[in-house]
Amino acid sequence: MLRVVNRPRPDRVRDLFVFCSAVQLPRVSDLVSRVNRRHQLRALFVRAENPDWLPQMLERANLRAIRHLVAHSSAEVPRRILNAWLNNAEDKLIARAMVVADRLFLTSCEQETLEIAFDRLPALRRIPVAERDAFEIAGDGSYVHWPASDVHLDIDAIRSATDPEFRDRRIAERLAHDTSFGRTVASFRKESGLRQTDIAGLSERNLRRIEKGETASVAALRSLAAAHDLSLKEYLASLAASC
């Protein structure tokens, strides 16, 4: 849980976020070091107008190995990180992104750094070399966007491409979700007195596939909603209530 504290006791602090300028580092160094050793430091936000001097300022404050150090010159990155923690999504949202040579580096709001070569993902391969730096990060950190190539990537896409175990786990979760969703579609259809052949715009074969666990397209969901005399929003809400 995120808390704001005044003169905190280092042995009691949990989930600490510290804000200071580079010249103020000596004033917070003891607290930061002790809480960091307890693995309860979530971020040390250091406003550094001149990043070249930051290593010297950290040395002066005797802070040499702070994994969760976040140097910044505006409130954009701290705001993304704090909002992510407040919403329990710190591992799913992007704090920062950087392109170095042929690689993309992403840092999550949990301060995990991921990297991937541009030739590892089809979406990244579509981006011309000259446009690789021309990206935007969504305000909430949910994705990175290259407007010229219309490429959107979230952090899980990078994890899936670089971590086989994570990819396999996501596939298993998706299959379990789709199977459960398919059963709900079938159950709701039967409760409404509809046969598989009663869904205009959706073949019986495709409906069988959806009800067995295949992903349904938006068009298929609209056909199902119409067959139940519901809007798409009402249909999805009804399915959620049936789960």
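Residues numbered from 1 in each chain as written. Predicted model: local features only at pLDDT ≥ 70, side-chain atom pairs only at ≥ 80, totals over all residues. Heavy atoms only, no water.

(A) Structural detail: the sheet that holds strand β1 (residues 16-21). In spatial order, the strands read β1-β2-β3; together these three strands make up an open sheet with parallel pairing. Looking at the sheet topology across the chains shown, the edges are occupied by β1 and β3 (69-72). Across the sheet, the axes of successive neighbouring strands diverge by a mean angle of 20°, strand direction being ignored. With four bridges joining them, strand β2 (residues 41-47) and β3 adopt parallel strand pairing. Within β3, the position partnered with V46 by the bridge is A71. The strands touched by helix α1 (residues 25-37) are β1 and β2; relative to β1, the strand with the most contacts, the crossing angle is about 160°. (Pairing = 2+ DSSP bridges. Helix = DSSP H or I, 4+ residues; strand = E, 2+ residues; numbered from the N terminus. Axes fitted to C-alpha atoms, helices over the stretch in contact; angles between N-to-C directions. Contact = heavy atoms within 4.5 Å.)

(B) Structural context of the sheet that holds strand β4 (residues 94-100). Taken together, three strands build an open sheet; the order of strands is β4-β5-β6 and the sheet is antiparallel. Only two strands of the sheet have a single neighbouring strand rather than two, namely β4 and β6 (113-117). The mean inter-strand angle of the sheet, taken between neighbouring strand axes irrespective of direction, is 20°. Both β4 and strand β5 (residues 103-108) contribute to a ladder of six bridges, which runs antiparallel. Residue pairing for β5: V100 is matched across the bridge by R103.

(C) Unusual backbone geometry, seen in detail. The backbone phi angle of D15 is positive, close to 50°, even though this residue is not glycine. Mapping D15 onto the fold places it in the segment before β1. At A101, a residue that is not glycine, the phi angle is positive and equals roughly 55°. Looking at where A101 falls in the secondary structure, it is placed in the loop between β4 and β5. A residue is classified by how much of its surface remains accessible, and A101, at 65% relative accessible area, is exposed. (Buried < 20%, exposed > 50% of the residue type's maximum accessible area, 1.4 Å probe, protein only.)

(D) Layout of the environment of A65. By the element assignment, A65 lies in the loop between α2 (54-60) and β3. Between the C-alpha atom of A65 and that of R189, which follows or precedes it by 124 residues, the distance is 59 Å.

(E) Molecular detail of the packing of aromatic side chains. Tallied over the full model, the rule gives six aromatic pairs. Each ring, one from F17 and one from W85, has its centre 5.8 Å from the other, and the planes form 80°; the classification is edge-to-face. Of this pair, F17 sits in strand β1 while W85 sits in helix α3 (residues 76-86); the two residues are 68 residues apart in sequence, bridging distant segments of the chain. Residue F17 is classed as buried on the basis of its relative accessible area of 11%. Judged by its relative accessible area of 16%, W85 falls in the buried class. With 5.9 Å between their ring centres and 50° between their planes, F188 and Y235 make a pair best called tilted. In this pair, F188 is assigned in helix α6 (residues 164-191) and Y235 in helix α9 (residues 232-242), connecting sequence segments 47 residues apart. Judged by its relative accessible area of 0%, Y235 falls in the buried class. The structure contains a cluster of three or more aromatic residues connected by ring pairs, namely F17, F19, F45 and W85. It is R132 that lies over the ring of F118; its NZ or CZ is 4.4 Å from the centre. Directly above the ring of F166 sits R159, whose terminal nitrogen or CZ lies 5.9 Å from the centroid. (Phe/Tyr/Trp six-rings, centres within 6.5 Å; stacked < 30°, edge-to-face > 60°. Lys NZ or Arg CZ within 6 Å of the ring centre and 35° of its normal.)

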